[in-house]
Amino acid sequence: MFGRLTEDALPFYSEIAMAGAAVTVGGGLFVIAVVLWTGSLLYLWRNWLTSVDHKRIGIMYVVVALVMLLRGFVDALMMRAQQAMAMNSGGYLPPEHFDQIFSSHGTIMILFMAMPFLTGLINFVMPLQIGARDVAFPRLNLISLYLTAAGAGLVLISLVIGRFSTAGWTGYPPFSETEFSPGVGVDYWIWALVVSGVGTTLTGINFITTIVKRRAPGMTWMRLPLFAWTALCASILIVFAFPALTVAGAMLALDRSAGFHFFTNDGGGNAMHFANVLWMWGHPEVYILILPAFGVFSEIVATLSSKRLFAYNSLVFATVVIALLAFTTWLHHFFTMGAGASVNTAFGITTMIIAVPTGVKVFDWLMTMYRGRIRYQTPMLWTMAFLVTFTIGGMSGVLLAVPAVDYTLHNTTFLVAHFHNMVIPGALFGFFAGYVYWFPKAFGFRLDERWGTRAFWFWVTGFYLAFMPLYALGLMGMVRRLQHYDNPDWQPYLIVAAIGAVSVLCGIICMAIQLWVSIRDRDRWADTTGDPWNARTLEWYSSSPPPAWNFASLPKIEGTDAFWRLKERGEAYREDENVGAISLPTNSNDGIVYGALAFVFGFCMVWHIYWLALLCLGAIVAHLIVSSFRHPTEEVIPANEVARHEQEWKTAARAGSRYDGDPLCDYRTVLRKVPAQ
Amino acid sequence: MSEVDAKTFDESEERAYGFWLFLMSDAILFSLLFATYAIMVTATDNGPDRTEIFGYWRTAANTALLLCSSLTMGLASIAIREDRKSTAFQWIFVTMILALAFLVLEIQEFAGLFAQGAGPDRSGFLSAYFTLVGTHGAHVTVGLIWMAVLCVHLALRPIGPVIQSITERLTMFWHLVGIVWIGIYSMVYLPGLYQ
Amino acid sequence: MGGWLRLGFGPPCPNSVGRTIALVGVSVVLGSCSLAEAPLLHPSGPIAEAQRNLLFEVFALMLIVVIPVFVMAIWFGWRYRASATQSAFDPDWERAPVLDGLIWALPAAIIVILAIMVWRSTHQLDPYRSLAAAGGSTEVQVIALDWKYVFLYPKEGIASVNELVFPADKPVQLVMTSDSAMTSLLIPALGGQVYAMAGMATRLNLLADGPGRFEGRNALYNGDGFADQTFSVRAVTESEFAEWIASAKHAPDLDAAAYKELSLPGVLKKPMQYSQFASGFFQSILDKYASPLKMQQTPRYP
């Protein structure tokens, strides 16, 4: 009846597992209690949980990402603490726990923190940037969100019912096969990946269709803001790379549950094939994470340098080249599998070639700062930290791309330091920068700069303290994933790394305080103009927050930096006579329905409750069929309401707009050299 | 043309484009399954290999059935475009019969393999074979259900943008299913003839 | 808590200032000292040395790009800060074809040089490339188990577990497979690592400069005992090697029962020796698994 689910699945076997479960369950209950206490369930349901507005979906994605960031970071903190103390001793985490923690840390950070974060940012910003009313398939967008949430839910519930995988976030067989990992952990990992992967693929399709089909009139390809370009390239990578993850996961699941022999030791299985297929997804995945962050930096560096982006064409070309080359390098993740020297050479060289367009981008950003007027507000601080830190990561990447060097450094902490050095500054700092940069657009007030700066310094210091020692340790021969060790030379470095993790913790606390303080002082940080940074692209050509319909009407777009051109010509806030009624799709329960069914389906597959899994699958198909007969309902926003909102915003914007023809006007007011106009 | 009409047209074009992207992603999935098969084909673990187990007449018949169904599906979509409902019904019906016959033959093929102990758990080669061909069979099943749904739509309402949009996507899907089968027939079944 | 603080300082390091300074300070000073003795930076064999030199060369080449980035970031970041109103300001400047070309050409040129280096070094330092000179090489067959390594010496007819001993003046050729999950055999002081996988025989050729003791370990995570899957490596003189072989002759046989016991998951406290094993033993372990990668041309192992 319940497959292999018995009461043994509950975490009463160890205190650490119980604590983890208690925090997870307690956190969930706390949120539910707050929602019920404040009586906001109906509000949440109507305005958020069932909303198909791309801006709200985007914000919900970022909320998922921030929650999962906390969970993934707790894992990181625990690992650093364990390694700092486990010199000649078992530390406080037995291998069984330590192995689960590094597996869930990687899985969560890549798939349930970084992916929702970038999906959220793209969801919120991209339609506004290209002058669209919404994404191409708003309901599908909501369904994707809930599929991602269902995957995240599977990872979270593995803390409470059963255990998570101990096979690492890449789940290499044969270790991840039933022979060596008989429990449910690897199954949780597989189904979390597959369920959220389906959602991600649908998101990618949605974004590509939106950018290809819904650009505003005049928004030709070479006038597209750079963030939209990176969103497009990342989405193309998603659509073409995620099938590989689905295939790898499905084959492993068949091995584990149905006795197939894809990757098993016996029966003719071939474990290296898994590595190939997984990294055919895994390497493009790195660029899926990093490209949107490159887009964020491109927007910020131009806006906050008060200057046009240098070599726009070059940046676009470099983005596309990176996306194409992303598919040609997967083998560098296992130079040590014993492939021939020529194969390794080929993949080593393709890997290095990616460094060229990446280097070009870095120089183009630097040249954008050249002869600019750089305003060091927090988004720019993150960008500066990125430029310097990411370059170090790029250098260590080229070192590892040399196969003969990789033979000695592969699987050591040097490798761990390298990919954190790419993904933290290259993706996470970009997401943080985007979070601060677009926060006022989403909520109508800016984030506190003082606490933001503190968070920034704690994060950057913490990053260097945590990962520079790992480079050294790699050179000293320390391999990754060690639960304990006996080399006294390593411990000082590991203690420094742990101190770095604590510094990052302070950074996270500062970010929480920043959010709290900014909400408290929201009047002080309010943005009435819709353009708090004196920015250049179309997403700022709307009120903050924008109305559900985004734009009442669009200007003719005549070049890059469409909004900047309007401001230069003094046309940005001119009254528009031809405002008409707008129809918008209504709320939908589909997201929650599919998300819940997918979650139960995944859970049942993990525990071998096949009858219920089949039932869920049948319900999904039935729901799909039934909804093909429903005509999608739309609500019409009357013309006078649109016009009223439009007028209110433009009046406030004209009164508050500090743009007087000088690109620096915004910053002058901060310097108090010229009184605000 | 009124404004509402223009918008509907735009949306169904977006749907077709989005669905085409989905099919491209699906094609990648199949290409990976093909690659897996190509790698695993020698991994017979002393069990049966590809020269011993496949039924050639059956799979040749399968090929003929699926190719014909692609044709009849195309004829159905032309009928729908030209607003000839009863013709459309006929061609969809024929397509469904062909697809059903295909599935019956495929299930027979699988049952025969299971009967001689050549199930997917026998060896890596058979795992890859069953996964590749089975995934294709699942696609045929989805297509069959989809055709049934289209028939209900046709019965319930006049041919309009909704039905045209469904047909357009179903046709694309069905052609992909046909193309993949040509790959399976020529990469999985035909090479077994020699040696 | 006291335990790890005490252990944290490790053995005294000659260059260190002392233990009295604050924890972090000591850690860093001690650290920089031990880094200088890191096996990767202080290799004990020509392969590892070539790999280290390559690391340094590529590092130096990369500095051609990295240093300008640092300089420009700091220089532009300071010079063009908003409050520096005296600095030039050119808000509409966006195109400079020559500069643009240079920005593409410089990294591309470095990558061309690197590509040539990669081509040469990857073939030269291919772990499969035999280093055997006139003196021949010591052949060792390696079987990875949970969580130990079995070393078979087919010529000498003895076997050891978690201890790899070979004459210092001769290259060693390891032929590796696994009778369990996938592992990666790494000896940082001698260079390189290659995966050991069930049903497949991979190779790793190494050479030590002279007698010495090194650390070897599995670098690829394979379960609870992973942290303890280490082995000692000793490069010894010919006579010491002969002695070691002779000492093994008194050890028990590596028969089916003994091997079965060894292959149970677990960690060994001490290295072990076996006086003999069945001929074709390594091949029989390979034959247990029918990997599709096991081509016909694979040599049969004695």
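What counts, and where the lines are drawn
- Residues numbered from 1 in each chain as written.
- Chains lettered and ligands numbered in written order.
- Predicted model: local features only at pLDDT ≥ 70, side-chain atom pairs only at ≥ 80, totals over all residues.
- Helix = DSSP H or I, 4+ residues; strand = E, 2+ residues; numbered from the N terminus.
- Buried ≥ 20, exposed ≤ 12 C-beta atoms within 10 Å, placed from the backbone.
- Contact = placed C-beta atoms within 7 Å.
- Axes fitted to C-alpha atoms, helices over the stretch in contact; angles between N-to-C directions.
- Parallel < 35°, antiparallel > 145°, perpendicular 65-115°, else oblique.
- Left-handed = near helix turned anticlockwise from the far one by under 90°.
- Nonpolar A, V, L, I, M, F, W, Y, C, P; charged D, E, K, R; others polar.
- Pairing = 2+ DSSP bridges.
- Bend = angle between axes of the 7 residues up to and from the residue.
- Expected span 1.5 Å × (residues − 1).
- Core = buried A, V, L, I, M, F, W, Y, C linked by C-beta atoms within 7 Å.
- pLDDT = per-residue confidence, 0-100.

S.K.: Explain the overall build of chain C residue by residue, including any values.
M.R.: When helices and strands are counted, chain C shows seven helices and 11 strands. Taking all 302 residues of chain C together, the buried fraction comes to 42%. Nonlocal contacts in chain C, meaning residues at least 24 apart in sequence, comprise 68% of its contacts between residues at least 6 apart.

S.K.: Describe in detail the overall build of chain B, supporting the description with residues and values.
M.R.: Within chain B, the regular secondary structure consists of six helices and zero strands. Each helix and strand of chain B, ordered N terminal to C terminal, gives the series α-α-α-α-α-α. For chain B, the spread of C-alpha atoms along the three principal axes comes to 70 × 30 × 25 Å. Across the 195 residues of chain B, 34% fall into the buried class. Across chain B, every contact between residues at least 6 apart in sequence was considered, and the portion connecting residues at least 24 apart equals 83%.

S.K.: With reference to specific residues and values, describe the packing of helix α11 (residues 378-401) of chain A against helix α13 (residues 413-443) of chain A.
M.R.: All names here are of chain A. Orientation of α11 relative to α13, taken along the N-to-C sense of each, is 160°, at an axis distance of 8 Å. Here α11 is positioned roughly antiparallel relative to α13, judged by the angle of their axes. As α11 runs across α13, the sense of the crossing is left-handed. Of the residues contributing to the contact of α11 with α13, the split by class is 16 nonpolar, 10 polar and no charged.

S.K.: Tell me what's going on with the sheet that holds strand β2 (residues 148-153) of chain C, and back it up with residues and numbers.
M.R.: Residue and element names in this part refer to chain C. Pairing is mixed in the open sheet, where six strands are placed in the order β8-β5-β1-β2-β3-β11. Strands with a single pairing partner mark the edges of an open sheet, and in this sheet they are β8 (202-206) and β11 (272-274). With direction set aside, neighbouring strand axes in the sheet form an average angle of 25°. In this sheet, β11 lies alongside strand β3 (residues 158-161) in antiparallel orientation, the contact comprising three bridges.

S.K.: Kindly report on the sheet that holds strand β7 (residues 193-196) of chain C, identifying the contributing residues and their values.
M.R.: All names here are of chain C. Taken in spatial order, the five strands of this open sheet run β4-β10-β9-β6-β7, and their pairing is mixed. Where the open sheet ends on each side, the last strands, each with one partner, are β4 (163-167) and β7. Within the sheet, the average angular offset between the axes of one strand and its neighbour, ignoring direction, is 20°. In terms of strand pairing, strand β9 (residues 212-218) meets strand β10 (residues 230-236) through six bridges, oriented antiparallel. Across the sheet, the residue bridging to R213 is R234, located in β10. Against the sheet, helix α5 (residues 238-248) contacts β4 and β10, and its axis sits at roughly 135° relative to β4.

S.K.: An account of the interface of chain C and chain A is requested, with residue identities and associated values reported.
M.R.: In this assembly, 89 residues from chain C lie in contact with 91 residues from chain A. Secondary structure elements with two or more residues in the side of chain C that touches chain A: α1 (2-8), α2 (23-36), α3 (46-79), α4 (97-124), β7 and β9 of chain C. No other element matches α3(C), which puts 15 residues into the side of chain C that touches chain A. Residues belonging to the side of chain C that touches chain A are distributed by class as follows: 58 nonpolar, 21 polar and 10 charged.

S.K.: Would you mind going over α13(A) in detail, with residue names and values included?
M.R.: Residue and element names in this part refer to chain A. At Y437, α13 shows its largest kink, close to 40°, and the proline P440 lies no more than four residues downstream. Across the 31 residues of α13, 28 count as buried, placing the element largely inside the fold. Backbone geometry just after α13 places G444 at a positive phi near 90°.

S.K.: Lay out the environment of F429(A) in plain terms, naming residues and giving numbers.
M.R.: Residues and elements named next belong to chain A. Checked against the element boundaries, F429 lands in helix α13. Owing to 27 C-beta atoms within 10 Å, F429 belongs among the buried residues under this scheme. Ignoring sequence-local partners within four residues, the contact set of F429 consists of W382, A385, F386 and I424.

S.K.: Go over the packing of helix α5 (residues 138-157) of chain A against helix α6 (residues 185-213) of chain A, please, and point to the residues and values.
M.R.: Residues and elements named next belong to chain A. It is at 8 Å that the axes of α5 and α6 come closest, and there the two elements cross at 160°. Taken together, the axes of α5 and α6 are roughly antiparallel relative to one another. Remark: the crossing between α5 and α6 carries left-handed chirality. Only Y188, W191, A192, L193, V195, S196, V198, G199, T200, L202, T203 and N206 of α6 make contact with α5, whose side of the interface consists of L140, N141, I143, S144, L147, T148, A150, G151, A152, L154 and V155. The class makeup of the residues in the contact of α5 with α6 is 14 nonpolar, nine polar and no charged.

S.K.: How would you summarise the pairing of strand β6 (residues 183-186) of chain C if you had to cite specific residues and measurements?
M.R.: Residue and element names in this part refer to chain C. Here β6 shows two buried faces, one formed by T183 and L185 and the other by S184 and L186. Bridge analysis of β6 against β7 gives four bridges, and the strand direction is antiparallel. Bridge pairing links T183 to A196 in β7. Adjacent in sequence and paired antiparallel, β6 and β7 are bridged by six residues, among which G191 carries a positive phi angle near 105°. When β6 meets β9, the two strands line up antiparallel, connected through two bridges. Bridged to L186 within β9 is R217.

S.K.: Can you tell me about the pairing of β10(C), naming the residues and giving the values?
M.R.: Residues and elements named next belong to chain C. Going residue by residue along β10, you find F231, V233 and A235 tucked away on one face and T230, S232, R234 and V236 left uncovered on the opposite face. With five bridges connecting them, β4 and β10 associate as parallel partners. Following the sheet pairing, L164 is matched in β10 by V233.

S.K.: How would you sum up the environment of D521(A)? Please name residues and give values.
M.R.: Residues and elements named next belong to chain A. In this structure, D521 sits in the loop between α15 (490-520) and α16 (562-568). The exposure class of D521 is partly exposed, given the 13 C-beta atoms found within 10 Å. A sequence separation of 353 residues divides D521 from G168, and the C-alpha atoms of the two residues are 43 Å apart.

S.K.: Provide a residue-level description of helix α3 (residues 54-85) of chain A, including the pertinent values.
M.R.: Taking 1.5 Å as the rise per residue, α3(A) with 32 residues should run 46 Å; its terminal C-alpha atoms sit 46 Å apart, in good agreement. In terms of residue burial, α3(A) counts as a mostly covered element, since 24 of its 32 residues are buried.

S.K.: Break down unusual backbone geometry for me, with residues and values.
M.R.: Here the bond from P173(A) into P174(A) is cis, since omega is 0°, no more than 30 degrees from zero. Inspection of the secondary structure puts P174(A) in the loop between α5 and α6. Note that the residue after S544(A), namely P545(A), is joined by a cis bond; omega there is -10°. Within the fold, P545(A) resides in the loop between α15 and α16. You will see that H608(A), though not glycine, has its phi angle at about 60°, which is positive. With respect to the helices and strands, H608(A) occurs in the loop between α17 (590-607) and α18 (610-629). On the neighbour-count criterion, H608(A) (14 C-beta atoms within 10 Å) is partly exposed. The phi dihedral of N162(C) falls on the positive side, at around 60°, and the residue is not glycine.

S.K.: Tell me about the environment of F277(C), residues and numbers included.
M.R.: Residues and elements named next belong to chain C. If you trace the backbone, F277 turns up in the loop between β11 and α7 (281-287). Taking C-alpha positions, F277 is 37 Å from H42, a pair spaced 235 residues apart along the chain. Discounting chain neighbours no more than four positions away, the residues touching F277 are L152, A159 and L254.

S.K.: Account for the nonpolar core, with residues named and values stated.
M.R.: Ranked by internal contacts, the top residues of the largest apolar core, which has 375 residues, are L154(A), L237(A), A248(A), L366(A), V142(C) and M176(C). Filtering out sequence-adjacent residues up to four positions away, V142(C) remains in contact with Y149(C), F151(C), L174(C), V175(C), M176(C), L185(C) and A196(C).

S.K.: Break down the confidence of the model for chain B for me, with residues and values.
M.R.: When pLDDT is averaged along chain B, the result is 92, and 95% of the positions lie at 70 or above. Scored below 50 in pLDDT, residues 1-6 of chain B shows one contact in the model against residues more than four places distant or in partner chains.

S.K.: Explain the confidence of the model for chain C residue by residue, including any values.
M.R.: Residue and element names in this part refer to chain C. For chain C, per-residue confidence averages 86 on the pLDDT scale, and 85% of positions sit at 70 or higher. Here residues 1-22 scores under 50 on pLDDT; set against residues more than four positions off or in separate chains, the count is 28 contacts. Confidence metrics for the complex model read pTM 0.94 and ipTM 0.94.

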